[in-house]
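Listed below, chain by chain, are the residues.
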Amino acid sequence: MPNLGDVFPDFTADSTSGPIKFHEWLGDSWGIFFSHPADYTPVCTTELGHVASIMPEFQKRGLKAIAISCNKVDDHKGWIKDIQDYSKLGDTWPYPIVADPNRELAVKLGMLDPAEKDKAGLPLTARAVFIIGPDKKLKLSLLYPATTGRNFTEILRVIDSLKLTAEKKVATPANWKQGERCMVLPTVKPDECSTLFPKGVNTVAMPSGKGYMRFTPQPD
Ligand code: BEZ
């Protein structure tokens, strides 16, 4: 599995939108790449339908979405019809699903869940989430077992944090949401604060006497 900060492996694969060269497809955008254990499985059906329904949220944030499942494109295309029906999407399908019938990408990206096997006894892919920056580097990875569906509200929240903290010298505290106060990075010197954070910095007094709990309104 790639580590944070690594260039995400480039790959060429077939998908429901035709052959994809991953880096070329991503272009200058941020991207979310998420894996599914297998086509025609119930949890995946809810996840893929939900992602299709929140596509405007990804687009608003400048993100392209792409999924992968360990089956062939023809299986994906048949399954999409079920997902569209289940999630009431009409005939639209807004993002590609990569085919990985031989699990080559699943192995390369470290996405297999040894606890879950298909009918042939082969391990299924887990529910991995990779968020990749326009520089093609891995910014976040999450790995859920096949039996636990993901929380896409949390995924949108971390995207907001990743994009903010990529540009401003802040970090986001526990349960932060877009628009809430942020924390000044420990590497920012006190004499830099007024220039970097014109909205002000509030330093909370701590028993240690150390001034590391520095809050600032979310920078513009
Ligand atoms: C599912 O997507 O429903 C699923 C797939 C593999 C194992 C368990 C659940």
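Reading the values: rules and limits
- Residues numbered from 1 in each chain as written.
- Predicted model: local features only at pLDDT ≥ 70, side-chain atom pairs only at ≥ 80, totals over all residues.
- Heavy atoms only, no water.
- Pairing = 2+ DSSP bridges.
- Helix = DSSP H or I, 4+ residues; strand = E, 2+ residues; numbered from the N terminus.
- Axes fitted to C-alpha atoms, helices over the stretch in contact; angles between N-to-C directions.
- Contact = heavy atoms within 4.5 Å.
- Salt bridge = Lys/Arg side-chain N within 4 Å of Asp/Glu carboxyl O.
- Buried < 20%, exposed > 50% of the residue type's maximum accessible area, 1.4 Å probe, protein only.
- Near = heavy atom within 4 Å.
- Polar contact = N/O pair within 3.5 Å; in protein donor to acceptor, adjacent residues only side chain to side chain.
- Nonpolar A, V, L, I, M, F, W, Y, C, P; charged D, E, K, R; others polar.

1. Considering the sheet that holds strand β3 (residues 30–36)
Inference 1: Taken together, 5 strands build an open sheet; the order of strands is β5-β4-β3-β8-β9 and the sheet is mixed. Each end of this open sheet is capped by a strand with a single partner; those strands are β5 (97–99) and β9 (138–144). Here the strands of the sheet are splayed against their neighbours by 20° on average, with no regard to which way each runs.
Inference 2: Against the sheet, helix α2 (residues 42–53) makes contact with β3, β4 (63–69), β5 and β8 (127–132), and its axis sits at roughly 160° relative to β3, the strand it touches most.
Inference 3: Each of β4 and β5 is contacted by helix α4 (residues 73–86), which is oriented at about 150° to β5, the strand it contacts most.

2. Some points on the pattern of salt bridges
Inference 1: What the rule picks out here adds up to 10 salt bridges.
Inference 2: For Arg150, the salt bridge is made with Glu47, and the minimal N-O distance between the two is 2.6 Å. With Arg150 in the loop between β9 and α6 (152–167) and Glu47 in helix α2, this pair connects stretches of sequence that are 103 residues apart.
Inference 3: Arg150 sits in the buried class, given a relative accessible area of 8%.

3. Some details on the site of the ligand
Inference 1: Taken together, the neighbourhood of the ligand is formed by Pro37, Thr41, Pro42, Val43, Cys44, Glu116, Leu124, Arg127 and Ala146.
Inference 2: Within the backbone of Pro42, a nitrogen or oxygen atom sits 3.2 Å from an oxygen atom of the ligand.
Inference 3: With 3 residues, α2 is the largest single contributor of residues to the shell around the ligand.
Inference 4: Its residues assigned to classes, the shell around the ligand shows 6 nonpolar, 1 polar and 2 charged.

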